[in-house]
Amino acid sequence: MNSWRNVWTITKRELAAYFTSPLAYVFIVIFLLLCGFFTFFVGGFFERQEASLVRPFFDWHPWFYLFLVPAVGMRLWAEERRVGTIELLLTMPITAWQAIVGKFLASWLFLALALALTFPVVITVNYLGRPDNGVILTAYVGSWLMAGAYLAISCITSALTRSQVVSFIISLVVCLFLILAGFPPVINVIEQVSPKLVDLVTFFSVMTHFEGFQKGVLDSRDILFFLSVIGFSLFTTSVILRTHRAG
Amino acid sequence: MIKVQNLAKVFGTKRAVDGVSFSVNRGEVLGFLGPNGAGKSTTMRMITGFLPPSGGSVSVGGFDIVEHPIEAKRLMGYLPENAPAYTDMTVYGFLNFTAEIRGLRGDARKQAVSRVVEMCFLGAVLHQSVETLSKGFRHRTCFAQSIIHDPDVLVLDEPTDGLDPNQKHEVRQLIRRMGEKKAIIFSTHILEEVDAVCSRAIIIDRGRIVANGTPQELRQRSEWAGAVTLRVKGVVASAVTAKLYQVPLVKKVTVVDDKDGHVTVRAFPKSSGNGALAQAIGEAAHEWQIEQLHSEEGRLDDVFRSITMPDTAKEAA
């Protein structure tokens, strides 16, 4: 009970930190503009003539997150190390885990807020037709889980360095791999080399696991995939923070 | 309250801290001295649980910092070097956050925050963002953070660094007042601070403790301790030294200054630390016109230099 109170204290501080800097507002505005632009102009929402958000809206999320989530996660630990506040934080009567989870939760909740602010798209499609709102909801859940996986990876890269820029670039590259492993052109190449490898490679892609959510299927394996990426990454973060201090 | 035993820290091939042992009881203020890079900050970081030790142990209030970190950290307040603070928060927000994470809720938290704001004179900048604070205020904000839960143990890494003389004075007063009820360790470069605040001092060099005692005891180790300076008029220097060598307690006499008929000499005693030498010299010099006669107390900076840099100290002398 007490440990969750500590986690929540950290989470509150981190959330407040987002909103006292312009980062939060810039992020939300860019995210919403991108969503709007790609859904209605590039994604051909109107031309499709169907009441669905899957192709025109959710298909773009893995690519938006590729740039935006590392930007949200990059400051989590890099900034603490640069300013030296990590020394304060880790000498408080809390465990490193509470700090890690608290920081992660704050960013994840922030991403949830950004995602929730795309609600006008849902209203639009409901106004124009009769979409399956169950599918939209599961796709939202999937999108949020996917963002969490990216974010947890950004936590690792942020703990690795005191430079936010380096953190941003490394996590972008890692996340790009997670997308490309399930990207059709890449899969085609792998299929020519060795068809057996395809299943293995695509299993590690966020695309493969996001696909199910987009169809409205809540598959426990997909949920477990994202949760285990998050768990593993946060664990790695704790190891990095510990080895960094061990000198 | 604090018990450090054989503490060691190795970074790669460098032994930053090498077998440091000491203890601090309630009511004691321990000054931690040493040149830059001697291992002061590293030792403090291990005591506060930020760095895991490579060897040895630290216990705070009976709790081992490695085995029971949370309990030990709860008893401690820590002011890290350079006084870091979250720049995106206001002073009030920052203190509230640290109070909350220290487990203070509701009224207890409000009281704790207003108490440290008053103690550290932060009222004027309470709603200013930490980023915009001057160095002195930022330092005091971080200091306020370390005492917000009224800890039994305080670890302060250069608490007066970057403060102006008035602020330094205030912080020293504060440390001394708090030292009556707490166990405090603080590091500093400023030797006068040791005199002003500490009940005991440790000098650390290249990761090892090279001196440990009260400021008075450390001063006794100075060559200067008990030396007597004498200034007379109308005598030649050689006559003065010759006469002083006849005083049984005198080990050595040096001429400090000799011009316009004023001669200043310094006599070093065979055994340091009593007023007998000044008395004897006063008697030996009674036939001259004495302009000045005083006994040196021994200088801490002299001790510090001769201990941490034995070679250069000899050259200078």
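(A) A nonpolar patch on the surface, seen in detail. Residues and elements named next belong to chain A. On the surface, Leu113, Leu117, Phe119 and Ile123 cluster together to form a nonpolar patch covering roughly 340 Å² of accessible area. Looking at where Phe119 falls in the secondary structure, it is placed in helix 7 (residues 119–128). The partly exposed category is assigned to Phe119, whose relative accessible area is 44%.

(B) A look at the domain arrangement of chain B. Parsing chain B into structural domains produces domain 1 (2–220) and domain 2 (228–296). Using C-alpha coordinates to define each centre, domain 1 of chain B is positioned 45 Å away from domain 2 of chain B.

(C) Here's a closer look at the packing of aromatic side chains. All names here are of chain A. For the coordinates displayed, the defined rule picks out 28 aromatic pairs over all chains. Consider the rings of Phe31 and Phe64, whose centres lie 6.3 Å apart with planes at 85°: the pair is edge-to-face. Here Phe31 is found in helix 2 (residues 23–42), whereas its partner Phe64 is found in helix 3 (residues 61–73), with 33 residues between them in sequence. Judged by centre distance (5.5 Å) and plane angle (25°), the rings of Phe40 and Phe46 are stacked. Note on Phe40: relative accessible area 22%, which makes it partly exposed.

(D) The nonpolar core, seen in detail. Core analysis: the largest hydrophobic core is formed by 142 residues, its most contacted members being Phe22 and Leu95 of chain B. Among the elements that take part in this core, helix 8 (residues 133–160) of chain A stands out by supplying 14 residues, more than any other. Excluding anything up to four places from it in sequence, Phe22 of chain B contacts Ile2, Lys3, Val4, Leu30, Phe32, Thr43, Ile47, Ile185, Ile202 and Ile209 of chain B. Residues Val250, Val253, Ala278 and Trp288 of chain B belong to the second largest nonpolar core, which totals 20 residues.

(E) Region of the structure containing the pattern of salt bridges. Inspection of the entire model under this criterion finds 21 salt bridges over all chains. Of the charged contacts, one joins Glu28 of chain B and Arg200 of chain B as a salt bridge, the two residues approaching to 2.7 Å between their closest N and O atoms. Of the two residues, Glu28 of chain B sits in the loop between strand 2 (14–24) and strand 3 (29–33) while Arg200 of chain B sits in strand 9 (residues 200–205), which places them 172 residues apart along the sequence. Take Glu28 of chain B: its relative accessible area is 17%, and that puts it in the buried class. Residue Arg172 of chain B is joined to Glu193 of chain B by a salt bridge in which the shortest nitrogen-to-oxygen separation is 3.1 Å. Of this pair, Arg172 of chain B sits in helix 6 (residues 165–178) while Glu193 of chain B sits in helix 7 (residues 191–197), placing them 21 residues apart in sequence. Taken individually, Arg172 of chain B and Glu193 of chain B each receive the classification buried, so the pair is uniform in this respect. Each of Arg13, Glu14, Arg75, Glu80 and Lys103 of chain A together with Asp88 of chain B takes part in one network of salt bridges that share partners.

(F) Representation of the packing of helix 10 (residues 184–193) of chain A against helix 11 (residues 195–203) of chain A. Residues and elements named next belong to chain A. Relative to each other, helix 10 and helix 11 sit at 140°, their axes nearing to 6 Å. Relative to helix 11, the element helix 10 is oriented oblique. Note on packing geometry: the crossing formed by helix 10 with helix 11 is right-handed. Taken together, the residues of helix 11 that come into contact with helix 10 (itself represented by Ile187, Ile190, Glu191 and Val193) are Pro195, Leu197, Val198, Val201 and Thr202. Among the residues making up the contact of helix 10 with helix 11, the classes are represented as 7 nonpolar, 1 polar and 1 charged.

(G) Quick look at the interface of chain B and chain A. Facing the 28 residues of chain B at the interface are 27 residues of chain A. Here chain B and chain A share an interface that buries about 2,600 Å² over both sides, 62% of which is from carbon and sulfur atoms. If you sort the residues of chain B by the area they bury against chain A, Phe50, Tyr86 and Ile101 of chain B come out on top, with a joint share of 29%. Applying the counting rule to chain B against chain A returns 3 salt bridges. If you look at where chain B meets chain A, you find 7 residue pairs in polar contact (both at pLDDT 80 or more). Here the element with the most residues in the side of chain B that touches chain A is helix 3 (residues 91–101) of chain B; it accounts for 5 residues. Taken together, the residues that form the side of chain B that touches chain A break down as 15 nonpolar, 5 polar and 8 charged.

(H) Quick peek at the pairing of strand 1 (residues 2–11) of chain B. All names here are of chain B. Alignment of strand 1 against strand 4 (residues 55–60), held across 5 bridges, turns out to be antiparallel. Directly across from Lys3, in strand 4, lies its bridge partner Ser59. Two elements, strand 1 and strand 2, share 8 bridges in a ladder whose sense is antiparallel. By the bridge assignment for strand 2, Val4 is matched with Phe22.

(I) Layout of the sheet that holds strand 4 of chain B. With antiparallel pairing, the 4 strands of this open sheet are ordered in space as 2-1-4-5 (chain B). Of all strands in the sheet, those with a lone pairing partner are strand 2 and strand 5 (63–64) of chain B, marking the two edges.

(J) Main features of the side chain of Ser233 of chain A. Residue and element names in this part refer to chain A. The topology assignment puts Ser233 in helix 13 (residues 220–246). Taking the relative accessible area as the measure of exposure, Ser233 reaches 2% and is therefore buried. Here the side chain of Ser233 touches Val229 through a polar contact of 2.7 Å, landing on its backbone oxygen. Those residues in contact with Ser233 that sit more than four places away from it in its chain are Ala152, Ile153 and Ile156.

Basis of the calculations
Residues numbered from 1 in each chain as written. Chains lettered and ligands numbered in written order. Predicted model: local features only at pLDDT ≥ 70, side-chain atom pairs only at ≥ 80, totals over all residues. Heavy atoms only, no water. Patch = residues over 30% accessible without salt bridge, like charges linked within 9 Å, V, L, I, M, F, W, Y side chains within 5 Å. Areas by Shrake-Rupley, 256 points an atom, 1.4 Å probe, with all protein chains shown as cover. Salt bridge = Lys/Arg side-chain N within 4 Å of Asp/Glu carboxyl O. Helix = DSSP H or I, 4+ residues; strand = E, 2+ residues; numbered from the N terminus. Buried < 20%, exposed > 50% of the residue type's maximum accessible area, 1.4 Å probe, protein only. Domains from an automatic or database assignment. Phe/Tyr/Trp six-rings, centres within 6.5 Å; stacked < 30°, edge-to-face > 60°. Core = buried A, V, L, I, M, F, W, Y, C linked by side-chain atoms within 4.5 Å. Contact = heavy atoms within 4.5 Å. Axes fitted to C-alpha atoms, helices over the stretch in contact; angles between N-to-C directions. Parallel < 35°, antiparallel > 145°, perpendicular 65-115°, else oblique. Left-handed = near helix turned anticlockwise from the far one by under 90°. Nonpolar A, V, L, I, M, F, W, Y, C, P; charged D, E, K, R; others polar. Buried area = accessible area lost by both parts, 1.4 Å probe. Polar contact = N/O pair within 3.5 Å; in protein donor to acceptor, adjacent residues only side chain to side chain. Pairing = 2+ DSSP bridges.

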